[in-house]
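Structural characterization, general
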Amino acid sequence: MSRYVSYRDFDWLLLIFVLIICGLGVMEIQSATQHTKFAGAHIKQIYWILAGVGMMFLMSLINYQALLEQIHWFYIAGVGSLMAVLVFGQKYLGARRWIKMPGGNNHFQPSEWVKIILILAVAKYFAEMRQRELSWSDFIKAGAIVGVPMLMVLAQPDLGTALTYVPIAVMGVFLGGMQWKQGLAVGLLATVAVGAVFFTPRVHVLKSYQKQRLTSFLEPDADPQGSGYQVSQSLIAVGSGGLWGGKGSQTHGAFLPVPQTDFIFAAFAEEHGFVGALGVLLLYFIVLMRLTQNAQTAPDRAGTFVVMGVVAVLSFHILVNVGMVVGFMPVTGIPLPLMSYGGSSVLFMFLALGMVMNVRMRRFVN
Amino acid sequence: MFGRDEKVSAIRLTAAQYIILSVFLVLAYGLWRLQVMQSDYYSLAAEKNRIRNVPILAPRGKIVDREGRPIVDNYPSFSALLLRDSTRDLNADADLIAQGLHLDPNEVRTRIRRFASMPQYQPIFLKEDITPDELAFIDAHRNELPELDTIMAHRRLYPRNGFMAHLIGYVGEVTEDMLNQPQFELYSPGDMVGVSGVERHYNTLLMGKNGFRRALVNSHGREVGRLDETPAEPGKQLKLTIDLDLQIAAEQALEGKNGAIVAMDPRTGEVLAMVSRPTFAPQDFSVRISRNEWNKLVTDPDKPLLNKAIQAQLAPGSTFKIIMATAGWQEGIAQNLHVNCTGGAEFYGRRFGCWVKTGHGSVDLEKAIYQSCDVFFYTLAEKLGIDRIAKYATAFGLGQKTGIDLPNEVSGVMPSEEWKIRNFKQKWFAGETISVGIGQGAVAITPMQLLRAISAISMGGRMVVPHVITPTDMPPGYVEAARYLEVKSVPIDPSGWNYITDAMVKVLQPGGTSPMAAVPGIEIAGKTGSAQIVSLATRAKFKNSDDLAQNGWFVGFTPRRNPDIIVCVLFQGGEHGKLAARLATQVLKAYVDKQRRTPQKMVEKPKSGGKVDMGALWTLPDGDGHEDKLEGGRYVVDLPKKPLVAATAAPGMVPVN
């Protein structure tokens, strides 16, 4: 089978666009962290990107169909690692999200690579479906595949990462033949659940900081020193950028919180203005459209589901992160893929792209 | 059913693309709205972010004595500030900050929480009067702890050794309780305000108004430039009526003793000296006082924080007999009363002893005053009755606040029939009146009240309101000062006034109760008093222990007619009024001595040093040395540059000139 696989079919164009976005990210990290204690983070980011590209090539070599055959073992391992985090994880800033790796100061966040497993698991599940329209039981089973690890991540607690699992399931059921009434019912249920969790004082599902973040999203000026501070500083940063960008006093004056990670888009928008920010959005849009195109030309149903799972996660990240930066979404702590500083996020994105390449390179196999 | 290679619905894939497109359009609109439509608004907000308001602290006004000599001054010191508009996690840094500034980390966190409601451009004061090593710590951690800053502040410099501590008071950081009171509503946490004494009463004058500087801050929160500056308005200088020379004399007189001394000008009510002992060191309060030190001060049985001149409520003892004499004269009883003192007398079935056990023999009003005969005043009290006594005592201000411009003055008690019914729901027993006649029983007054009452009698009924500032010397618009110029008049028969004050002069003459306190060359009118704290029977039980010793009192003024100074001494545990009298005469002597050596009493004071043209007559021995020859002529005399005054500043203060 492998003799049909050729790097001529590797999506070099996609890689170029991805690397342009990464390059802009590195530039902005350099600009935002100079003269701070994070100075030099852009060098580390370049190492992460290089490691990511390497892993992407490795990933593209392993036949995704072979991976799908073994997906139940990966799924069990993924859930197991999340369990390990809950039991042995390092507690940092009130949440157990990391496992300390032996040797060095590295921390590993299993909830990131569980995303990849979920994309594959959902793809496998729907690829083997035999009917055009989704039954309620399929619907619930697909929900459970994503729901179990999601609840475990929520328990860490890490609401942001847990939410990024949702689009995998949504994209799966949508493409898998979801009926309108199912979509409507789930949408309604989700609205009621979110409302109940947030507005019922006796249900302490949300941590107080999570609630505060949501409140400050609704009313940024209510608590200008706390999380509302982040929202208002982000809006000021973006807004003061104007059409062509400005001095970047919000970013360089350290008024904008964590400008190298969650608020990197705000920092970029401040320094490069509406034109620059729109350009970045356009680059992301091109990447997403290119990915969807790859999904359409996939050799089988499973391949389409794998690629569209990646599309779903990437779109969701962009929606939530940029939405937060422009004040449409609450502060959730979700990074902007490819641009935000951070090893876990970069490695996940390149692994996911590796899977896409994997699918694309085998499009003529059958 | 479909096969394994059946494709996913193309329509749904296209739908997904359109959904993604619409998401991007919404995000693009979000950017457009912020960066194009509202760009000006946010640019302004970004500009505001870079501007920080840095306070410029207003120095508190100095406090000087009546001759302009400094009593309370300021000295420059550094305070540690916590800037909250940096994005640092202040709570995380609290441990390092606390370590460097020698503070309790929890205290730092509590402070951060307390100030959370304040606008964030306002920095928090972490520690006042930091030491050089703490200053060095802040300088060395400019990069690690950019939120730490220093500010130059003016600290209060108080006289040493608790000199005048009660009158001056002290300053402290405004408390939350105070901020809730209407008179402090304009202050903000961290402000230093007067907590007691003059510092508190005249806080609004002394405090001044902080200015601020709008500064541009760079990426590290450091100042890189300034936009503009609103200068601070320094507090006003407060000129007291206190005469430093007299204050020093009074402080020395009471050194090592318990009690109070107040000196006043009976013509105006200007307080010339005020001392309370034991004292405390107000300097300890000008920065934050430790809990231990505070507890020690509060629990001390001698109550060093109490200004006994206006806050001690005690029986006045025999000094009250002057009030009795005046009341008796006005009622036409005292001048005609003659009593044979046999060392005691029986009233209402109970024997009341005279302090002279052998008795005074035949006693009239004059002898009763200078010999302080108890039996005479028992009899007078019986004839007057409590309500007539209370009427006069109240008219002279006993049992009421004097209205002095110092905080927390107490009113004391002047009993009457009505008072007893109101407070104890009991009828007044006639026997109680007898004790009141010699200033015992339920009578409880402050030294200030006694001073004011006797002052009124010495001035023929002129009642002044005592005060420590010169009302005519206050800044314009300070209307409150006008009430210190108000004078009330209590009618006193001039012949009675002459009679009583003459008798008071005899107190310090041979045959009086306190001849040894007399000062040659100064005519002092006064009255001694020894007041029991507990009954004699209780005292005997405790074997005359020192704790239960009697309080000695003395009120005296000079000269006998139209006095210009009156002094009241409370000598707690001083056993007898004659000991108190000695302390009082020390102060009176210091006053008179100063009057006599100050040139302005004799000639017009020259402007500054210079020469005075004098004419003179003198005799010269003639040739053989027997006959004097009279000569006359003019002399030009050099005057000393500085006036001949003992003190130039309060202890620990630097003189102005």
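Here is a short report on the structure shown in this document.

1. Remarks on unusual backbone geometry
Residue and element names in this part refer to chain B. Following Arg 277, the chain continues to Pro 278 via a peptide bond in cis, the omega torsion being -5°. Here Pro 278 shows up in the loop between β12 (271-277) and α11 (283-286). The step from Thr 558 to Pro 559 runs through a cis peptide bond, and the omega angle for that step is -10°. By the element assignment, Pro 559 lies in the loop between β20 (551-558) and β21 (565-572). In the Ramachandran plot, Asn 161 falls in the positive-phi region, its phi being about 55° despite a non-glycine side chain. Relative to the helices and strands, Asn 161 is located in the loop between β5 (148-157) and α6 (165-168). In this structure, Met 164 takes a positive phi of about 65° despite not being glycine. With respect to the element layout, Met 164 can be found in the loop between β5 and α6. Since 31 C-beta atoms lie within 10 Å of it, Met 164 is described here as buried.

2. Topic: the nonpolar core
Side chains of nonpolar character tend, in soluble globular proteins, to be buried together. With 135 residues, the main nonpolar core has Ile 261, Val 262, Ala 263, Ala 273, Val 569 and Val 587 of chain B as its most contacted residues. It is helix α23 (residues 577-597) of chain B that contributes the most residues to this core, 10 residues altogether. Shared between two domains, this core holds at least three residues of each, these being domain 1 (52-239) and domain 2 (244-597) of chain B. When residues no more than four places from it in sequence are discounted, the contact partners of Val 262 of chain B are Val 271, Ala 273, Met 274, Ala 309, Pro 447, Met 448, Leu 451 and Cys 568 of chain B. Judged by nonpolar contacts, the second largest core, of 115 residues, contains Phe 139, Met 324 and Met 357 of chain A together with Leu 31 of chain B.

3. Focus on the sheet that holds β21 of chain B
Residue and element names in this part refer to chain B. Spatial strand order, β12-β11-β21-β20-β19: five strands in an open sheet with antiparallel pairing. The strands lining the two open edges of the sheet, one partner per strand, are β12 and β19 (525-531). Each adjacent strand pair in this sheet contributes to an overall mean axis angle of 5°, direction not counted. In the sheet, strand β11 (residues 258-264) pairs with β21 via seven bridges, with the strands oriented antiparallel. Across the sheet, residue Ala 260 finds its bridge partner in β21, namely Leu 570.

4. A few points about the packing of helix α1 (residues 12-33) of chain A against helix α12 (residues 264-296) of chain A
Between two packed helices, what matters for the description is the angle formed by their axes and the separation of those axes. Residues and elements named next belong to chain A. Relative orientation of the contacting elements α1 and α12 amounts to 165°, with a least axis distance of 10 Å. When the axes of α1 and α12 are compared, the pair comes out roughly antiparallel. Crossing angle aside, the handedness with which α1 passes α12 is left-handed. The segment α1 lies against α12, with Leu 13, Leu 14, Phe 17, Val 18, Ile 20, Ile 21, Leu 24, Gly 25, Glu 28, Ile 29, Ser 31 and Ala 32 engaging Ile 264, Ala 267, Phe 268, Glu 271, Val 280, Leu 283, Tyr 284, Ile 286, Val 287 and Arg 290. Counted by class, the contact of α1 with α12 contains 17 nonpolar, two polar and three charged residues.

5. Some points on the pairing of strand β3 (residues 70-82) of chain B
All names here are of chain B. Note that strand β2 (residues 63-64) and β3 share two bridges and pair antiparallel. Residue pairing for β3: Val 64 is matched across the bridge by Pro 70. What sits between the antiparallel neighbours β2 and β3 is a turn of five residues, in which Gly 68 has the positive phi angle 85°. The pairing of β3 with β5 spans 10 bridges and is antiparallel. Bridge pairing in β5 places Pro 76 opposite His 154. Pairing of β3 with strand β4 (residues 124-127), which is carried by three bridges, proceeds in the antiparallel orientation. Paired with Leu 82 across the two strands is Ile 124, which belongs to β4.

Quick notes on the rules
Residues numbered from 1 in each chain as written. Chains lettered and ligands numbered in written order. Predicted model: local features only at pLDDT ≥ 70, side-chain atom pairs only at ≥ 80, totals over all residues. Helix = DSSP H or I, 4+ residues; strand = E, 2+ residues; numbered from the N terminus. Buried ≥ 20, exposed ≤ 12 C-beta atoms within 10 Å, placed from the backbone. Core = buried A, V, L, I, M, F, W, Y, C linked by C-beta atoms within 7 Å. Domains from an automatic or database assignment. Contact = placed C-beta atoms within 7 Å. Pairing = 2+ DSSP bridges. Axes fitted to C-alpha atoms, helices over the stretch in contact; angles between N-to-C directions. Parallel < 35°, antiparallel > 145°, perpendicular 65-115°, else oblique. Left-handed = near helix turned anticlockwise from the far one by under 90°. Nonpolar A, V, L, I, M, F, W, Y, C, P; charged D, E, K, R; others polar.

Honestly, it's all geometry; don't read function into it.
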